[in-house]
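Residues per chain, in single letters:
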Amino acid sequence: MEQKREKLGKLRKKTGLNGSEKLLKVIEHSLEGSKALDIVIIDLAGKSDLADYMVIASGSSTRHVGAIAAKLAEYMKEKGHSPKPPEGFPECDWVLVDNPYVIVHIFRPETRKFYNLEKMWQADFTVKEAAV
């Protein structure tokens, strides 16, 4: 786990936050083009070493969720970013498109409401509070 954090840290230093922001724009463009619903961007700086940003969006049905995720992964590759293969197919209640800089969650509305990731990741807490 520690090696992964060091590797991600080196990657971020190499590309800089500007690289994350460029990828974020690519993701936003694809999600908007796919008519994703309720797009939320969460800055993870200081909250997690997993990525720089988390994006949460919804599709209107399982078919829509799958189409959004497939198009996003294809568009990211086309623009020179290499996401891991999307996870959550064929069910498509919740599909994850992962990259070292931006994590994208695409949900059906009911599933999104159940897990409520926005509430968890947008909460303000100090490191001291998190350790308790």
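Examining the overall build of the protein chain
Then comes step 1: When helices and strands are tallied, the protein chain shows 5 helices and 4 strands.
Then comes step 2: Taking all 132 residues of the protein chain together, 40% fall into the buried category.
Then comes step 3: For the protein chain, restricting intrachain contacts to residue pairs at least 6 apart in sequence, the fraction spanning at least 24 positions comes to 58%.
Then comes step 4: Carbon together with sulfur atoms contributes 55% to the accessible area of the protein chain, which is approximately 8,300 Å² in total.

Considerations on the packing of aromatic side chains
Then comes step 1: Taken as a whole and assessed by the stated rule, the structure comprises 3 aromatic pairs.
Then comes step 2: Considering the side-chain rings of W94 and F107, the 4.7 Å spacing of their centres and the 35° angle between planes classify their relative orientation as tilted. Placement of W94 in strand β3 (residues 94-97) and of F107 in strand β4 (residues 102-107) is noted, with a sequence separation of 13 residues between them.
Then comes step 3: The class for W94 is partly exposed, based on a relative accessible area of 29%.

Comments concerning the pairing of strand β2 (residues 53-58)
Then comes step 1: The buried fraction of β2 is high, at 6 of 6 residues.
Then comes step 2: In this structure, β2 lies alongside β4, joined through 6 bridges in parallel fashion. What sits directly across from V55, in β4, is V104.

A word on the confidence of the model for the protein chain
Then comes step 1: With 79% of its residues at a pLDDT of 70 or more, the protein chain shows a mean pLDDT of 84.
Then comes step 2: In the model, residues 1-5 has pLDDT below 50 throughout and makes 1 contact with residues more than four positions away in sequence or in other chains.

A short note on the side chain of H64
Then comes step 1: Secondary-structure assignment places H64 in helix α2 (residues 62-78).
Then comes step 2: Given a relative accessible area of 17%, H64 falls into the buried group.
Then comes step 3: Beyond its immediate sequence surroundings of up to four residues, H64 is in contact with S34, K35, A36 and G59.

A short note on the environment of W121
Then comes step 1: On the secondary structure map, W121 appears in helix α4 (residues 117-122).
Then comes step 2: Exposure remark for W121: the relative accessible area of 19% places this residue in the buried category.
Then comes step 3: On a C-alpha basis, the gap between W121 and D43 in space is 8.8 Å, while along the polypeptide they are 78 residues apart.
Then comes step 4: Every residue in contact with W121, bar those within four places of it in the chain, is listed here: I42, L44, K47, S48 and M54.

A look at the sheet that holds β3
Then comes step 1: Across the sheet, 4 strands lie side by side as β1-β2-β4-β3; this open sheet has mixed pairing. Strand pairing shows two members of the sheet lacking a second neighbour, β1 (37-43) and β3, which therefore form its edges. On average, adjacent strands in this sheet sit at an angle of 15° to one another, irrespective of strand direction.
Then comes step 2: Against the sheet, α2 makes contact with β2, β3 and β4, and its axis sits at roughly 160° relative to β4, the strand it touches most.

A look at the nonpolar core
Then comes step 1: Counting residues in hydrophobic clusters, the biggest one holds 22 residues, and the most contacted among them are I27, L31, L72, V102, V104 and I106.
Then comes step 2: For this core, the secondary-structure elements that each account for two or more residues are α1 (2-33), β2, α2, β3 and β4.
Then comes step 3: By residue number, the principal contributor to this core is α2, which donates 6 residues.
Then comes step 4: Residue contacts for L72: discarding those within four places in its chain leaves I27, S30, L31, V97, V104 and I106.

Rules used in this analysis
- Within every chain, residues take consecutive numbers counted from 1 along the sequence as written.
- pLDDT decides what is reported in this predicted model: residues at 70 or higher carry local features, side-chain atom pairs at 80 or more are listed and counted, and totals for whole chains, interfaces and linings draw on all residues regardless.
- Only heavy atoms go into the side-chain values, all of them from the structure, while hydrogens and water stay out.
- We count a stretch as a helix when DSSP gives it H or I for four or more residues in a row; a strand needs E for two or more, and each element gets its number in order from the N terminus.
- Burial here depends on accessible area, computed with a 1.4 Å probe over protein chains only, as a share of the maximum for the residue type. Under 20% is buried, over 50% is exposed, and the range in between is partly exposed.
- Two residues qualify as a contact provided that any one of their heavy atoms is within 4.5 Å of a heavy atom in the partner residue.
- Using the Shrake-Rupley algorithm and a 1.4 Å probe, accessible areas are obtained, with residue cover drawn only from the displayed protein chains.
- Paired rings are identified among Phe, Tyr and Trp, the last through its six-membered ring, by centres lying within 6.5 Å, and are further divided according to the angle between planes into stacked (under 30 degrees), edge-to-face (over 60) and tilted (the rest).
- In this analysis, strands are considered paired if DSSP registers two or more bridges between them.
- As a per-residue measure, pLDDT reflects the predictor's confidence and takes values from 0 up to 100.
- Between the N-to-C directions of two axes lies an angle of 0 to 180 degrees, each axis being a line fitted to C-alpha atoms and, for a helix, fitted only over the stretch in contact.
- Working definition of a nonpolar core: buried Ala, Val, Leu, Ile, Met, Phe, Trp, Tyr and Cys residues. They are joined through side-chain atoms within 4.5 Å.

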